[in-house]
Amino acid sequence: MSADTALLAAADATLAAIGAALDAAADDSDADVDWSLNDGILTIDGGAGGKIIVNRHAVNHEIWVAARAGGFHFRASAGAWHDTRTGAALGERLAQLLRDQMGLAADLAGLPPPPG
């Protein structure tokens, strides 16, 4: 398996794990949140809370997040996806964005690690 293929597989596994965490959080919450995953793009629809988009960016070997608070790029390093500007872990930052923007408490601590 090439490094690019491994990275895409890891990014897809991470997106699927985020979706599973969203389902678990929605079951324990009154928040109105739906999500869909299509071709590496996870769209999280929080109704009045707007949308958050999480997608793999194969060219840069990153996962990108777009939310009301801004855009964030996460690169694989030290066994996790880390923000290229702040170093924050993807699960930690995305959980904060979901809380702040949609009022959803999602447990994203156990996201699959990227290859490497």
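Note that the structure is a prediction, hence the values are computed from the model and not measured. (Residues numbered from 1 in each chain as written. Predicted model: local features only at pLDDT ≥ 70, side-chain atom pairs only at ≥ 80, totals over all residues. Heavy atoms only, no water.)

## Quick word on the overall build of the chain
Each helix and strand counted, the chain has 2 helices and 6 strands in total. Helices (α) and strands (β) of the chain occur, in sequence order from the N terminus, as α-β-β-β-β-β-β-α. Once the C-alpha set of the chain is aligned to its principal axes, its extents read approximately 40 × 25 × 20 Å. Taken across its 116 residues, the chain has 40% of its residues classed as buried. (Helix = DSSP H or I, 4+ residues; strand = E, 2+ residues; numbered from the N terminus. Buried < 20%, exposed > 50% of the residue type's maximum accessible area, 1.4 Å probe, protein only.)

## Regarding the sheet that holds strand S1 (residues 34-38)
The 6 strands lie next to each other as S1-S2-S3-S4-S5-S6, forming an open sheet whose pairing is antiparallel. Pairing within the sheet leaves two strands with one partner each, and these edge strands are S1 and strand S6 (80-83). Put simply, the sheet's adjacent strands are angled 20 degrees from each other on average, direction ignored. Pairing of S1 with strand S2 (residues 41-45) involves 5 bridges; the strand directions are antiparallel. (Pairing = 2+ DSSP bridges. Axes fitted to C-alpha atoms, helices over the stretch in contact; angles between N-to-C directions.)

## Points about the environment of Asn60
Its place among the elements puts Asn60 in the loop between strand S3 (51-57) and strand S4 (62-67). Judged by its relative accessible area of 34%, Asn60 is partly exposed.

## Quick notes on the environment of Leu98
Among the structural elements, Leu98 can be located in helix H2 (residues 90-102). For Leu98, a relative accessible area of 0% gives the class buried. Measuring from C-alpha to C-alpha, the distance between Leu98 and Asn38 comes to 20 Å, with 60 residues separating the pair along the chain. Not counting residues within four places of it along the chain, the set of residues in contact with Leu98 comprises Leu22, Ile44, Ile52, Gly103, Leu104, Ala106 and Leu108. (Contact = heavy atoms within 4.5 Å.)

## Brief notes about the environment of Asp28
With respect to the helices and strands, the residue Asp28 is situated in the loop between helix H1 (3-27) and S1. For Asp28, a relative accessible area of 70% translates into the label exposed. In this structure, the C-alpha to C-alpha distance between Asp28 and Ala106, residues 78 residues apart in sequence, is 9.4 Å.

## Section: the side chain of Arg93
Structurally, the position occupied by Arg93 is in helix H2. Buried and unpaired, Arg93 has Asp83 as its nearest opposite-charge partner, separated by 5.0 Å. (Lys, Arg positive; Asp, Glu negative; His and termini not counted. Salt bridge = Lys/Arg side-chain N within 4 Å of Asp/Glu carboxyl O.)

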